[in-house]
Structures are given as C-alpha cells and as structure tokens.
Amino acid sequence: SVLSDSYNVGILIFLVILGTMVSLMNRAGGSAAFGRWAQKKIKTRVGAQLSAIALGILIFIDDYFNCLTVGSVMRPVTDSHKVSRAKLSYLIDATAAPICIIAPISSWAAAVSGFVEGEDGFSIFVRAIPYNYYALFTIAMILITVWNFDYGPMAKYETNALKGDLFSDSKEEKNTQRTFENPNGRVLDLILPVLVLIVCCVLGMLYSGGFFSGVDFVSAFAGSDASVGLALGSIFALLLTILYYCLRRIMSFRECCDCLP
C-alpha cells in the first residue's frame, strides 16, 4: 500500500536520483576537489565543523539531499582535522532537518503548507518560523558543541578521534573503502550540479503549483505537490549534470550510466 501511493513513489524517485547525483559528483571528482580546496583553507577543527554546518545551511532545499551531499563532501575535511565520524554525523543531521523546516523554499515548507486546509498555508508557515523552537534550539546547540562542549558518548568519540581513532566502536566504517574519484575534478563540478538541482527543484515545485499557468509565486509554492515537483526537478537536474560532465569530457556517457541504479 505504501508503494502504491503516488506521493511516496515520487519521493522515492527523488531519493534515488539524489543518490545517483552524489555518486556522479564523487566519480567526477567534484567532492574530492572541494575537499582538497577546503583542506587548504580550513586550518582548525572548529573551522572544519563550522564549514560542515555552513554547507548544510546552503543546501536548504531538502534534508535528504543535504545529508547525502554534505556527508560525502566534508568527510575528508573533518577526517584530516581529527573530528570523529559520530560528531560529523551529528552536525549533518542536526543541521539538515532544522534548516529545511525553517526555510520558506524547501520540500518541508511545501509539505507542511499543504496540511493547512482553507487557509494560506505558506503565510502561516512563515509566521510560525520564530516559534519552531526545536529547529532554533538544535541549531544553537550544534554551534555550542563545536567549541569543544561535548558530553556523554560524544565526548568519548571526540577524545578517541584526537588520538587517531575516528570510528571508535564502528567496525563497519573501518572497513569502508572509498570509490574511485577523478583527479581532474574541479570545485565547480560539485557546486554547479548542486545549484542546478536547487533551481530545478524550485521550478518543479512551482510548476506543480500552477505558477506557469498564471498562479502567483506564493500561492503556487504553497499549493505545490512536493512529490511531483522534487521528482521532476531532480530528473531534469540529473540530465543536465550528465550533459555537463560529458561536454566537459571529465566523464563519458557510459561512465555516467555506471552511476545509475
């Protein structure tokens, strides 16, 4: 019954394409290039953690895409500054959903606005942002923990990380091998697909809300179908990303197809 629901199928398509795009960006070397650039610019553990938070804030369109992208991009950076994988996971997860739930243009905003019947859901969503205490307090908490305010199990993980053990008791992570990454990748090979995805998803949500049929921007976004908009936007973004990589000759069309599920 879950898979027969059209809304769930649309979200499933969106998530599969997100995973494919992350695989493409890794294979093209965009994630590795950003990591190399960040390693040169970021000199401290605090800076590495703040960079992960900042990147999470920039990718506000959807929390799933946020986690998939920030994790693969920032992992080499935080590893080089001896930040535990547990801390990186916490920072990513505690940034993704709280940012998306208070961003007016996001999959969460579209979904929540649709629950308000007979009212301007988008307007209510915007007015409710200052009262979303979970999101605001969570964001404040991650900023506090960045400055070595770790406690409980996280303090243990961070202490072990400073000694060189980034994984602590996670044996599965220790055996993880990184896939091939193109050494010719550039930072633009990561940034451009992310921007294209954000733009396409926003346009897709506006399309599903009737914006291109004469509905005003706010009404179109409030009345959009997140499932349809995100699925359409991600499909177009995937096609444009493959075209970009092929035109830049950093990957062949066959190599791009190898990243497809």
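A. The overall build of the chain, seen in detail. Scanning the chain for helices and strands turns up 14 helices and zero strands. Helices and strands in the chain line up, N terminus first, as α-α-α-α-α-α-α-α-α-α-α-α-α-α. Seen through its C-alpha atoms, the chain measures out along the principal axes to roughly 60 × 50 × 40 Å. Looking at the chain as a whole, 46% of its 261 residues qualify as buried. Here the contacts in the chain between residues at least 6 apart in sequence split such that 75% fall between residues at least 24 apart. Looking at the chain as shown, the accessible area adds up to about 13,400 Å², and 65% of this sits on carbon and sulfur atoms. If you average the places of the 20 positive and of the 20 negative side-chain charges in the chain, the two averages end up 15 Å apart.

B. A look at the side chain of Lys87. Tracing the backbone through its elements, the reader meets Lys87 in helix 5 (residues 85-102). A distance of 2.8 Å separates polar atoms of two side chains, one belonging to Lys87 and the other to Gln49. Excluding residues that lie within four positions of it along the chain, Lys87 makes contacts with Gln49, Thr145, Val146, Asp150, Met154 and Glu158.

C. Representation of the nonpolar core within the structure. Within the largest apolar cluster, 47 residues are counted, with the highest numbers of intra-cluster contacts made by Leu24, Met74, Tyr245 and Met251. Taken together, the elements giving at least two residues each to this core come down to helix 1 (6-28), helix 2 (30-41), helix 3 (45-58), helix 4 (63-80), helix 5, helix 11 (188-208), helix 12 (217-222) and helix 13 (226-247). Dropping the residues within four chain positions of it, Met251 is found in contact with Leu24, Arg27, Ala28, Tyr245, Cys246, Cys256 and Cys259. With eight residues, the next largest nonpolar core counts Ile101, Ile102, Ala109 and Phe125 among its residues.

D. Spatial organisation of the confidence of the model for the chain. For the chain, mean pLDDT is 84; residues scoring 70 or higher make up 91% of the total. Averaged pLDDT values over the elements of the chain bottom out at 51 in helix 10 (residues 171-174) and peak at 94 in helix 8 (residues 133-146).

E. Local environment of the packing of helix 1 against helix 4. Across the interface, helix 1 lies against helix 4 with an axial gap of 10 Å and an inter-helix angle of 20 degrees. If you check the angle between helix 1 and helix 4, you find them roughly parallel. Judged by the twist between their axes, the crossing of helix 1 over helix 4 is right-handed. Across from Leu15, Leu18, Gly19, Val22, Met25 and Asn26 in helix 1, the residues of helix 4 making contact are Tyr64, Phe65, Leu68, Thr69 and Ser72. Tallied by class, the residues present in the contact of helix 1 with helix 4 amount to seven nonpolar, four polar and no charged.

F. Just the packing of helix 5 against helix 9 (residues 153-162), in detail. Where helix 5 meets helix 9, the closest approach of the two axes is 8 Å, and the angle between their N-to-C directions is 130 degrees. Comparing the axis directions of helix 5 and helix 9 gives the class oblique. Seen from helix 5, the contacting residues are Ala86, Lys87 and Tyr90; seen from helix 9, they are Met154, Tyr157 and Glu158. Of the residues belonging to the contact of helix 5 with helix 9, the class tally is four nonpolar, no polar and two charged.

G. Looking closely at the pattern of salt bridges. All told, the structure shown has five salt bridges when counted by the stated rule. For Lys87, the salt bridge goes to Glu158, with nearest N and O atoms at 3.9 Å. A residue pair is termed long-range when its members are at least 10 positions apart, and Lys87 in helix 5 and Glu158 in helix 9 qualify at 71 residues. In this structure, Lys87 and Glu158 share a single accessibility class: buried. Across the pair Asp189 and Arg248 runs a salt bridge, and its minimum N-O distance is 2.7 Å. Taken together, the residues Asp189 in helix 11 and Arg248 in the loop between helix 13 and helix 14 (253-258) connect sequence positions 59 residues apart. On the accessibility criterion, Asp189 (0% relative accessible area) is buried. Here Arg248 falls in the partly exposed class, since its relative accessible area comes to 24%.

H. Representation of helix 4 within the structure. End to end, helix 4 covers 25 Å across 18 residues, agreeing with the expected 26 Å (1.5 Å per residue, within 8%). Every buried residue of helix 4 is accounted for by Asp63, Phe65, Asn66, Thr69, Val70, Gly71, Ser72, Val73, Met74, Val77 and Thr78. A positive phi of about 60 degrees marks Lys82, the residue just after helix 4.

Conventions used here
Residues numbered from 1 in each chain as written. Predicted model: local features only at pLDDT ≥ 70, side-chain atom pairs only at ≥ 80, totals over all residues. Heavy atoms only, no water. Helix = DSSP H or I, 4+ residues; strand = E, 2+ residues; numbered from the N terminus. Buried < 20%, exposed > 50% of the residue type's maximum accessible area, 1.4 Å probe, protein only. Contact = heavy atoms within 4.5 Å. Areas by Shrake-Rupley, 256 points an atom, 1.4 Å probe, with all protein chains shown as cover. Lys, Arg positive; Asp, Glu negative; His and termini not counted. Charge placed at Lys NZ, Arg CZ, Asp CG, Glu CD. Polar contact = N/O pair within 3.5 Å; in protein donor to acceptor, adjacent residues only side chain to side chain. Core = buried A, V, L, I, M, F, W, Y, C linked by side-chain atoms within 4.5 Å. pLDDT = per-residue confidence, 0-100. Axes fitted to C-alpha atoms, helices over the stretch in contact; angles between N-to-C directions. Parallel < 35°, antiparallel > 145°, perpendicular 65-115°, else oblique. Left-handed = near helix turned anticlockwise from the far one by under 90°. Nonpolar A, V, L, I, M, F, W, Y, C, P; charged D, E, K, R; others polar. Salt bridge = Lys/Arg side-chain N within 4 Å of Asp/Glu carboxyl O. Expected span 1.5 Å × (residues − 1).

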